[in-house]
Amino acid sequence: MSLTDLMSMAKPNSEMRERTLAKIGKREFADCFQCAKCTSGCTAFKLLELKPHEVMRLVNLGFTGELISSEISWTCVTCLKCMERCPQQASPYYVIMALRNLTIEQGGKVPEAYLNAVSQILETGFMQAVQKVTAKNMETLDRQKLGLPNIKNSAKTFKATFLKALEEREV
Amino acid sequence: MVNVQKVTENAKTLPDVVVARHYAYTCSDPGQRMIEDDIRQYGIDRVVIAACSPRMHEETFRETVARAGLNPYLLEIVNLREHVSWVHSEDPEKATEKAMDLVRMGVERARLLEPLQKKKVSVEKSVLVIGGGIAGIQAALDIANAGLDVVLVEKSPTIGGKMALLDKTFPTLDCSACILTPKMTEVARHPRIKLLTYAEVESVSGYVGNYEVTILKKARYVDEDKCKGCGVCATKCPVKVSDEANMGLGSRKAIFILFPQAVPLVYTIDKEHCLYFLKGVCKICEKFCEARAINFEQTPQRVKVKVGGIVIAVGAELFDASQIAEFAFGKSKNIITNLQFERLTNASGPTHGEILCPQTGKRPRSIVFVQCVGSRDRRFNEYCCRVGCMITLKQAILAREKLGKDVDIYVCHIEIRSFGKGYEEFYRRARDMNIKFIAGIPSEIRVEADGTIRLEVFDKLTSKLLEIQSDLVVLACGLIPDPDTRKISELLHVSRSPDGFLLEAHPKLRPLETVISGVFLAGTCQGPKDIPDTIAQASGAAAKAVNLLLSGEIELEPLKGVVNEELCSGCRICEFVCPFSAIEMRTENLNGAEKLKAEIVEALCQGCGLCEAACPVKAIKIHHYTDEQILAQVRAAYLSESQLVRE
Amino acid sequence: MKVTVFWGCKILTSQYAYEMSVRRVLPELGVELVDLREMHCCGDVVKSVNAFAAKYMAARVLALAGETGIKELLVPCSRCHFTLSETQHLLRSDTNLREKVFALLKDEKLEYPSDVRIWHIIDLLYDAMGLSRIKEKVKKSLKGLKFSAHVGCQIIRPSIIGRVDNPENPRKLNELIRALGAESPDYPEKLDCCGSALTFSHQEAAFTLAGSKLKAIQEMGVDGLIDSCPSCHEMFDAKQEEASKIIGKKLSLPVLYYTQLLGLALGMKMEDLGLHLNQSPVEKLIEKSGVHS
């Protein structure tokens, strides 16, 4: 490997680059020519310093490690503005989602809420439990009291297939 | 890689092969002489050369063979480069086998080749130039000065094209009109150039050396011979129309000239806005015209000309910035295109050369240029427009010169492409004038309720998100093909590349020609480019045209189709499939009955073979590519020597 | 018109007002709603964990919809709408993905339908029903009221796969509000995101985004904000108070689902539209409108 990042002494990881590519259905992130239009309009930049163009370049060079340890992928708001306006029709959004997937595969830090959501889906098929709500007059209400039909839960086969799907590493 | 020794030895074993050699650089002098000597010495009557693509040296070797007294069409080229060594380098053994097979196939074909003769055809020593911008003007002048006649057709009322609208040109900052107008007047005065303005090519028929063109001269409702260009009519005309020459920033009248230096200096009435044509009233221009040049009864005229060659110079258009909605073009008068900015700095523009914000009429305190609008953008045009960076550098420098130190000038870019002679130095000049280059493109431009224009742009080089509040925003729009390019391509059977520009015969080796003999390309119709490149291409196209026609005759390759009239059933399928309209049906009187027979127009025929394949009764043969010759190759590829049956 | 409906997690487990108002209002306009035989998450949140598993879940929803034989599928949640549309688009072109997903569906004896048309509330009302049908059903005009439209992100982008409205100049929700007699002015922050996706990991940033937009709209002096997605609505309505604390500015803006506003104009009762569940101060709006006098 001929390249070294002299700030961190890290070397690019071409296997991770290939795995990221496989996770976005081979849609090329190398097309990105660094116009930074995505970052100029990124909803998450001002508050959380997400720079989609930088993510694209780091992934292309193979520096996925630092992206995963910085936990930057969790800052994306999924507004899709980057994907809409990119002149190369690249999609930082897909690359960022792929980084999230890779973080989980590698055992990196994941916000708890996502893992809780998946557990909840395994249990009830939904990402959160059925809730009671409070009306303005402080009355506690639920679906039944509001006259809404019962939820028809998914078949038992769903859970097993879902678990199987979770093992797939490519898209 | 191919084992040439083995291929040569194998060739020696093929029936009727009396000599087989291998030699590096056969195309060189000694190599060619070796072939000539062998032909004479061994009484050879067919030659097979196994080497690179026939596109490289078939012509060369045909001449070699002819010098030795053999008909040049008794030569077969077998391509061992593109078909073998360039594509099968991973398996040298199999590659060599394939090479041997190809040579064998070549020998079988060579057996069946027939001697053929080139034909001479006389040509018109004149050229049609379509488009009167700088490309068309330059080509017309070069051709006319070489002694050929030129018909120059321009669809707008004046020649000059886009160059006439520019202010200064990069990198010299020459005044565009100053360097252009002398050429325009030269065109008007040239004894060999027939100038037809406000005219369009309607139809083209014929073939190289003998084109018949019908040109439609639109009605100006002004007599060209009488109009003196005094302009009194325009001062009296009550109708104001948005001015296309000023890119919508100014206005003209319904009777107008596009700009003061128009050639010809003849006014034109815009039928769509003239009160007489709309409502039957007014006619005030006629009342005041002292030259009595106004003629509301004028009708379009058709002019037919015969020319030997055609130069297409129809130019390009500016990308429509409103397609990129996030840049808010149209939401504020102060968001303009680079061409509109050009009109602001131009002394004959709507502000007499003062840079003023269109919304307020005041001088801007800040200007932001946004690059690559509609270019390098896969949602619109993937190509780089080639001139956007240089135009912006020029405009930024002019802005600094005209507005002084107090205006902030920013250029938001992906890269700065300053590739030409003097261009990099021009870029430094801009940097030295405190023009700020920001390495990033804004995601959107916002116009607030009070008209304030704001944009946020991430500068990659400082990693800062910068907000710019700017009085004026200039969108550096790219170039797209002129809307009439499609019509021209269909009229002349010239293809377009995927980007919509006209397709050259070869991007590297033949950038001025098309695959249609006698039709050449000049200027931005072939692809976006600046003025130096346009003029170079135009002069080159002119030279090609002159080269073709100056002698008064051309030679046609004999690799054409011929119809066996006895077999032809008159079904017309060949006429239908021919992509070059090279087949005509003749009515013949045979035994009292009228029968249709197909006839191939040799000058138009490109020898593509579609008719040969389509003919249901096998009445057509393409010289040098007959069914028998091709089938002989196919059999040689699959059958062993004992299985081959030779006629 | 008969449509199947896919509600998604948020609506079924907490955003009941949206479900209530849709179930009330759509039949009034001639739309019959048919529920799917099974309900589960579309896979949106799973995208961050395993993009493939998310595709399977979305394909499963489409398979359930296809089973009914009804070609039109209404998806009132914008995030679900994007998830299902995106999956449908990818399954059309990516043969490798198709093979893998179909194999899993086959395990469950489900078949993927090729021709389900996915609708959102906005385009169903604007394009399928049409403004004139809405106008003629209005009983209590909302004349004199002004609302800002928040169309959100995931139903207008990415335009290349076909979305509900124009990505840079979405007009349909504005027109739907105007069809009720009210005004709906544009504003520079129109395309700004509500920030709901960040609640999983960066709560403060999420509420800053929602709060900033609410503040800008409040400063316009409008009578309310109209949205059409349970995630956006949760941020602007249920979390308005929290957003207010984070940005340090008092927020008091009524926030309604479009279907709730529509229901009011159709003369329906507050409770039937779930308006008693809105956390933002909708009472002052209802009072001003005079729809319940």
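Refer to the structure presented above.
Residues numbered from 1 in each chain as written. Chains lettered and ligands numbered in written order. Predicted model: local features only at pLDDT ≥ 70, side-chain atom pairs only at ≥ 80, totals over all residues. Heavy atoms only, no water.

**A few points about the overall build of chain C**
And then number 1: A tally of helices and strands in chain C yields 13 helices and 7 strands.
And then number 2: For chain C, the C-alpha radius of gyration of 19 Å lies close to 19 Å, the compact-globule estimate for 293 residues.
And then number 3: Projected onto its principal axes, the C-alpha positions of chain C cover 55 × 45 × 30 Å.
And then number 4: The burial tally for chain C puts 67% of its 293 residues in the buried class. (Helix = DSSP H or I, 4+ residues; strand = E, 2+ residues; numbered from the N terminus. Rg over C-alpha atoms; globule rule 2.2 N^0.38 Å. Buried < 20%, exposed > 50% of the residue type's maximum accessible area, 1.4 Å probe, protein only.)

**Comments concerning helix H4 (residues 78-93) of chain C**
And then number 1: Here H4 of chain C is 16 residues long and its end C-alpha atoms lie 23 Å apart, about the 22 Å a rise of 1.5 Å per residue gives.
And then number 2: Buried residues dominate H4 of chain C, accounting for 13 of its 16 residues. (Expected span 1.5 Å × (residues − 1).)

**Considerations on the interface of chain C and chain B**
And then number 1: Contacts between the two partners involve 5 residues from chain C and, on the opposite side, 4 residues from chain B.
And then number 2: It is Glu168, Asn169 and Pro188 of chain C that lose the most area in chain C upon contact with chain B, and together they represent 80% of the buried surface on that side.
And then number 3: Put simply, chain C and chain B have 1 salt bridge between them.
And then number 4: A salt bridge links Asp192 of chain C to Arg446 of chain B, with the shortest nitrogen-to-oxygen separation between them at 2.9 Å.
And then number 5: Counting the contacts that link chain C with chain B gives 3 residue pairs in polar contact (both at pLDDT 80 or more).
And then number 6: The residue makeup of the side of chain C that touches chain B, split by class, is 1 nonpolar, 1 polar and 3 charged. (Contact = heavy atoms within 4.5 Å. Buried area = accessible area lost by both parts, 1.4 Å probe. Salt bridge = Lys/Arg side-chain N within 4 Å of Asp/Glu carboxyl O. Polar contact = N/O pair within 3.5 Å; in protein donor to acceptor, adjacent residues only side chain to side chain. Nonpolar A, V, L, I, M, F, W, Y, C, P; charged D, E, K, R; others polar.)

**Notes on the packing of helix H1 (residues 14-23) of chain A against helix H7 (residues 92-105) of chain A**
Residue and element names in this part refer to chain A.
And then number 1: Closest axis-to-axis distance for the H1/H7 pair is 9 Å, and the angle between their directions is 120 degrees. Considered as vectors, H1 and H7 are oriented oblique to each other. Relative to H7, the crossing made by H1 is right-handed. On H7, the residues touching Met16, Arg19, Thr20 and Lys23 of H1 are Val95, Ala98, Asn101, Leu102 and Glu105.
And then number 2: Here the residues of the contact of H1 with H7 sort into 4 nonpolar, 2 polar and 3 charged. (Axes fitted to C-alpha atoms, helices over the stretch in contact; angles between N-to-C directions. Parallel < 35°, antiparallel > 145°, perpendicular 65-115°, else oblique. Left-handed = near helix turned anticlockwise from the far one by under 90°.)

**Description of the environment of Val25 of chain C**
And then number 1: Topologically, Val25 of chain C is positioned in helix H2 (residues 16-28).
And then number 2: Accessibility expressed as a relative area gives 0% for Val25 of chain C, which makes it buried.

**Details of the pairing of strand S23 (residues 453-459) of chain B**
Residue and element names in this part refer to chain B.
And then number 1: Of all the 7 residues making up S23, 5 are buried; the element is thus mostly covered by neighbouring parts of the structure.
And then number 2: With 3 bridges connecting them, strand S22 (residues 445-447) and S23 associate as antiparallel partners. Pairing of Arg446 across the sheet is with Arg454, part of S23.
And then number 3: Hairpin connection between S22 and S23: a loop of 5 residues separates the two successive antiparallel strands, and Gly451 in this loop has a positive phi of roughly 90 degrees.
And then number 4: Pairing of S23 with strand S24 (residues 464-470) involves 7 bridges; the strand directions are antiparallel. Within S24, the position partnered with Phe458 by the bridge is Leu465.
And then number 5: What sits between the antiparallel neighbours S23 and S24 is a turn of 4 residues, in which Ser463 has the positive phi angle 55 degrees. (Pairing = 2+ DSSP bridges.)

**A closer look at the sheet that holds strand S8 (residues 193-197) of chain B**
All names here are of chain B.
And then number 1: Pairing is parallel across the open sheet formed by 5 strands, whose spatial order is S8-S5-S4-S16-S27. Each of the sheet's edge strands pairs with one partner strand only, and the pair in question is S8 and strand S27 (519-521). Averaged over all adjacent pairs, the angle separating strand axes in this sheet is 20 degrees, with direction ignored.
And then number 2: Here strand S4 (residues 126-130) pairs with strand S16 (residues 309-312) via 4 bridges, running parallel. From the neighbouring strand, Leu128 faces S16, where its bridge partner is Ile310.

**Some words on the environment of Asn589 of chain B**
Residue and element names in this part refer to chain B.
And then number 1: By the secondary structure assignment, Asn589 is in strand S30 (residues 583-590).
And then number 2: Judged by its relative accessible area of 56%, Asn589 falls in the exposed class.
And then number 3: When the C-alpha atoms of Asn589 and Pro498 are compared, they prove to be 47 Å apart, with 91 residues separating the residues in sequence.

**Notes on the packing of aromatic side chains**
What describes a pair of aromatic rings is the distance from one ring centre to the other and the angle between the planes of the rings.
And then number 1: A complete count under the given rule lists 19 aromatic pairs over all chains for this structure.
And then number 2: Between the aromatic rings of Tyr93 of chain A and Tyr94 of chain A, the centroid separation amounts to 5.2 Å while the plane-to-plane angle is 50 degrees, which identifies the pairing as tilted. With respect to class, Tyr93 of chain A is no different from Tyr94 of chain A; both count as buried.
And then number 3: Judged by centre distance (5.6 Å) and plane angle (65 degrees), the rings of Phe319 of chain B and Phe380 of chain B are edge-to-face. Linking Phe319 of chain B in the loop between strand S17 (316-318) and strand S18 (335-337) with Phe380 of chain B in the loop between strand S19 (366-373) and helix H12 (388-403), this pair joins segments that are 61 residues apart in sequence.
And then number 4: Phe380 of chain B sits in the partly exposed class, given a relative accessible area of 27%.
And then number 5: Here the aromatic residues Tyr221, Tyr276, Phe277 and Phe296 of chain B are joined through ring pairs into a cluster of three or more.
And then number 6: Looking at Lys218 of chain B, its charged tip hangs above the ring of Tyr198 of chain B, at a distance of 4.6 Å from the centre.
And then number 7: The cationic tip of Arg431 of chain B hangs over the ring face of Tyr427 of chain B; the distance from NZ or CZ to the ring centre is 4.5 Å. (Phe/Tyr/Trp six-rings, centres within 6.5 Å; stacked < 30°, edge-to-face > 60°. Lys NZ or Arg CZ within 6 Å of the ring centre and 35° of its normal.)

**Looking at the sheet that holds strand S4 (residues 117-119) of chain C**
Remark on secondary structure: sheet strands pair via backbone hydrogen bonds, oriented parallel or antiparallel.
Residue and element names in this part refer to chain C.
And then number 1: One open sheet holds the 4 strands; their spatial order is S2-S1-S3-S4, and the pairing between them is parallel. Every interior strand has two partners, whereas the edge strands, strand S2 (32-35) and S4, have only one. Each strand axis lies, on average, 35 degrees off the axis of its neighbour in the sheet, ignoring direction.
And then number 2: The pairing of strand S1 (residues 2-5) with strand S3 (residues 72-74) spans 2 bridges and is classified as parallel. The partner of Thr4 across the bridge, within S3, is Leu73.
And then number 3: Across the sheet, H4 touches S3 and S4, and the angle it forms with S4 is around 160 degrees.

**Considerations on the state of the cysteines**
And then number 1: Throughout the structure, instances matching the rule amount to 0 disulfides over all chains.
And then number 2: The thiol of Cys27 of chain B is not disulfide-bonded; the next cysteine sulfur, from Cys52 of chain B, is found 6.2 Å away.
And then number 3: Looking at Cys27 of chain B, the relative accessible area reads 31%, which means it is partly exposed.
And then number 4: Not part of a disulfide, Cys42 of chain C finds its nearest cysteine sulfur in Cys80 of chain C, a span of 3.8 Å. (Disulfide = S-S within 2.5 Å.)

**Some points on the nonpolar core**
A general trend in soluble globular proteins is that nonpolar side chains are found buried together.
And then number 1: Counting 174 residues, the largest nonpolar core has Phe162 of chain A together with Leu26, Leu74, Leu125 and Tyr258 of chain C as its most contacted members.
And then number 2: With 13 residues, helix H3 (residues 51-67) of chain C is the single largest residue contributor to this core.
And then number 3: Sequence-distant contacts of Leu26 of chain C, defined by excluding residues within four places in its chain, comprise Val31, Leu33, Leu74, Ile121, Leu124 and Leu125 of chain C.
And then number 4: Judged by nonpolar contacts, the second largest core, of 153 residues, contains Ala139, Ile355, Ile391 and Ile409 of chain B. (Core = buried A, V, L, I, M, F, W, Y, C linked by side-chain atoms within 4.5 Å.)

**Examining the interface of chain A and chain C**
And then number 1: With 62 residues of chain A in contact, the opposing surface of chain C contributes 69 residues.
And then number 2: Interface area lost by chain A to chain C is led by Glu84, Lys136 and Val171 of chain A, which between them contribute 11%.
And then number 3: There are 6 salt bridges connecting chain A and chain C.
And then number 4: One salt bridge connects Glu168 of chain A with Lys100 of chain C, and the closest N-O pair in it is separated by 3.2 Å.
And then number 5: Linking chain A to chain C there are 34 residue pairs in polar contact (both at pLDDT 80 or more).
And then number 6: Residue assignment for the side of chain A that touches chain C shows that the elements contributing at least two residues are helix H3 (45-48), helix H6 (81-85), H7, helix H8 (112-124), strand S1 (133-134) and helix H9 (157-165) of chain A.
And then number 7: Class assignment for the residues of the side of chain A that touches chain C results in 35 nonpolar, 14 polar and 13 charged.

Function cannot be read off these values alone, since they describe shape.
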